[in-house]
Amino acid sequence: MRQTKPSPKKSSPEEEKIKIGVIGTGYVGLVTAVCLAELGHQVIGTDVVREKIDLALAGKPHIYEPGLEELLKKNLKKGHLNFYHDLDKTIREADVLFVCVSTPQLPDGRADMSYVEGVSRRIAENLNAYKLIVEKSTVPVRTSAWIKRVINLYRHNDQDFDVASNPEFLREGSAVHDFLHPDRIIIGVESKRAEKILRKIYARFTEKLLVTNIDTAELIKHASNSFLAMKISFINLISELCEKTEADVELVARGMGLDPRIGPQFLRAGLGYGGSCFPKDVRALIHIGEEMGVDFGLLKEVDRINLRRIRIFVDKIKQALWILRDKKIALLGLSFKPETDDIRNAPSIAIIGELQKERAYLRLYDPQAMENMKKLFPEKEPELVYCQSPYQALEGANAGLIITEWPEFVDLDLNRVKSIMSNPILIDGRNIFDPAKVRALGFEYYSMGRK
Ligand code: UGA
């Protein structure tokens, strides 16, 4: 076959090496920056919190996320990744800007979009060349339209730009894995140019791409999180009924999950959903619905059922101990779920608050989240003590609570636990133990939706 010399192509901006800026290096932003660098892109991360940038530059993530530190170090070393304190410089140097700033919950349940607005204004002021602005934070539908309007209002020139939505679906605790092994990548765009750039960024995952318009992409994210929250609240409601009958929620969930239309995931009954996403996103969607005249009463109920989980759990503690005052209670698990140090909306916070009201003595243990929890509940001997191991927390306790299903608790030596507790009473908010086995060891055992 005749070899043809490739003709020298005129390079368009899309074909040149893409330089990506990631604005906001929280949980989503830091993982996004590190993983985009791992995909081979040139990435700059920036954040208003100086300490986060200093730590990142030193190869130390400010959060605990399995696999993150290793990839951070690797990509810093390779020169694929850098971090700036300076937002303006990041904006000017990057071709594509991923907006990963937080959208916290306002007291009325709406998402606070002021950080997104602030960043949009700064982008407008630094628009020195074509930029693609990609919104990655979970935001209400129509946010991209607002970003576009803000940039148009505040820019000093007529530089071209595009806005796109590329919602993030990673789960804390497996964020790096989720980013690098996505089940879908949603790209909401309104121009071919934006689509082409995003296709290039995600070239490795072409078969996972779903390209939509921007409103659709934004709504896919909100609808997905709210649907998963609904699944959890549904099984928790069923678990309330199981407690009044002879049914076992674990088996009900297993039986339901065998139907491929339902699927087995997110049917674990327990203390309900926490974290920075589900509680906030469910309430934000209720508000979006209200603003647009769509009644999301369904999601209001999802939220109510979720809040009820704490009361049901505390009632079990009272059922076991009657009077909580001066009782020594071990709390195992403080993070909102395993494999993270994140305590945002963790059930443990509400449970600690309830037990403090009753004036119990609390012994707390978590493999990763104790430093974060100390900022909220400082140590105070003897009322509230942080322990070095689950065994230390359980020593002399009148009851042990399982609040987060860390593997370390699943693997506890229950014979040893029984020998060190004052009263062998376990109240398991996550159904990690087999009731028959635990009882056979001599424990009084309470769990969620099971006898
Ligand atoms: C969630 C979504 O799963 C991600 O897809 C999404 O990207 C992320 O929110 C986000 O919007 O940023 P995450 O909050 O990290 O991820 O954690 P999940 O693993 O989804 O768990 C959420 C909560 O539901 C946890 O409190 C967990 O304990 C609870 N849960 C989960 C249950 O109570 N039962 C279950 O069966 C599953």
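Scroll up to find the structure.
These notes cover the structure that comes with them. Bear in mind the structure is a predicted one, so any value in this text is a computation, not a measurement. (Residues numbered from 1 in each chain as written. Predicted model: local features only at pLDDT ≥ 70, side-chain atom pairs only at ≥ 80, totals over all residues. Heavy atoms only, no water.)

1. Here we look at the site of the ligand
Argument step 1. Residues in close proximity to the ligand total 21 residues, the closest being F169, L170, E172, K221 and N225.
Argument step 2. At a separation of 2.8 Å, an oxygen atom of the ligand approaches a polar backbone atom of R268.
Argument step 3. When the ligand sits alone it has 710 Å² of accessible area, and the protein chains cover 94% of it.
Argument step 4. Elements that contribute at least two residues to the shell around the ligand include exactly α9 (214-244) and α11 (278-292).
Argument step 5. For the shell around the ligand, the element with the most residues is α9, which contributes three residues. (Near = heavy atom within 4 Å. Polar contact = N/O pair within 3.5 Å; in protein donor to acceptor, adjacent residues only side chain to side chain. Areas by Shrake-Rupley, 256 points an atom, 1.4 Å probe, with all protein chains shown as cover. Helix = DSSP H or I, 4+ residues; strand = E, 2+ residues; numbered from the N terminus.)

2. Regarding the pairing of strand β4 (residues 96-99)
Argument step 1. The alternating pattern of β4 places V96 and F98 on one face and L97 and V99 on the opposite face, and all of these are buried.
Argument step 2. Relative to strand β5 (residues 131-135), β4 is paired through four bridges, and the arrangement is parallel. Across the sheet, residue F98 finds its bridge partner in β5, namely V134.
Argument step 3. Following the backbone out of β4, through helix α5 (residues 114-125) and into the adjacent parallel β5, one traces a crossover that is right-handed. (Buried < 20%, exposed > 50% of the residue type's maximum accessible area, 1.4 Å probe, protein only. Pairing = 2+ DSSP bridges. Right-handed = clockwise from strand over helix to strand, strands pointing away.)

3. Thoughts on the side chain of S447
Argument step 1. Counting through the fold element by element, S447 comes out in the segment after β14 (444-446).
Argument step 2. A relative accessible area of 3% means that S447 is categorised as buried.
Argument step 3. In this structure the side chain of S447 is engaged in a polar contact, spanning 3.0 Å, whose partner is the side chain of R450.

4. Thoughts on the packing of α9 against α11
Argument step 1. It is the contact of α9 with α11, at a shortest axis distance of 9 Å, that shows an interaxial angle of 115 degrees. When you trace α9 past α11, the crossing you get is left-handed. Contact residues: α9 offers L219, K221, H222, N225, S226, L228, A229 and I232, while α11 offers F278, D281, V282, A284, L285 and I288.
Argument step 2. Its residues assigned to classes, the contact of α9 with α11 shows nine nonpolar, three polar and two charged. (Axes fitted to C-alpha atoms, helices over the stretch in contact; angles between N-to-C directions. Left-handed = near helix turned anticlockwise from the far one by under 90°. Contact = heavy atoms within 4.5 Å. Nonpolar A, V, L, I, M, F, W, Y, C, P; charged D, E, K, R; others polar.)

5. With respect to helix α10 (residues 249-257)
Argument step 1. Among all positions of α10, only V249, A253, M256 and G257 are buried. Taken around the axis of α10, the buried residues stretch over an arc of 95 degrees, which confines them to a single face.
Argument step 2. In this structure, the buried residues of α10 make contact with α9.
Argument step 3. N-cap assignment for α10: the residue whose side-chain oxygen lies 2.8 Å from the backbone N of E250 is D248. (Arc of directions from axis to C-beta.)

6. Quick notes on the environment of R142
Argument step 1. With respect to the helices, strands and loops of the structure, R142 is situated in the loop between β5 and α6 (143-154).
Argument step 2. Take R142: its relative accessible area is 39%, and that puts it in the partly exposed class.
Argument step 3. Not counting residues up to four positions away in its chain, the partners in contact with R142 are D215, E218 and M292.

7. Observations regarding the pairing of strand β12 (residues 399-402)
Argument step 1. Burial of β12 is two-sided: the residues A399 and L401 facing one way and the residues G400 and I402 facing the other way are all buried.
Argument step 2. Of the strand pairs in this sheet, strand β9 (residues 328-332) and β12 are connected by four bridges, and their pairing is parallel. Pairing of L331 across the sheet is with L401, part of β12.
Argument step 3. Inspection of the sheet shows β12 paired to strand β13 (residues 425-428) by three bridges, in the parallel sense. Looking across to β13, one finds that I402 is bridged to D428.

8. Some points on the side chain of H41
Argument step 1. Looking at the secondary structure, you find H41 in the loop between α1 (27-38) and β2 (42-46).
Argument step 2. A polar contact of 2.8 Å, which involves the side chain of H41, links it to the backbone oxygen of I201.
Argument step 3. What H41 contacts, discounting residues up to four positions off in sequence, is I20, L36, H80, K200 and I201.

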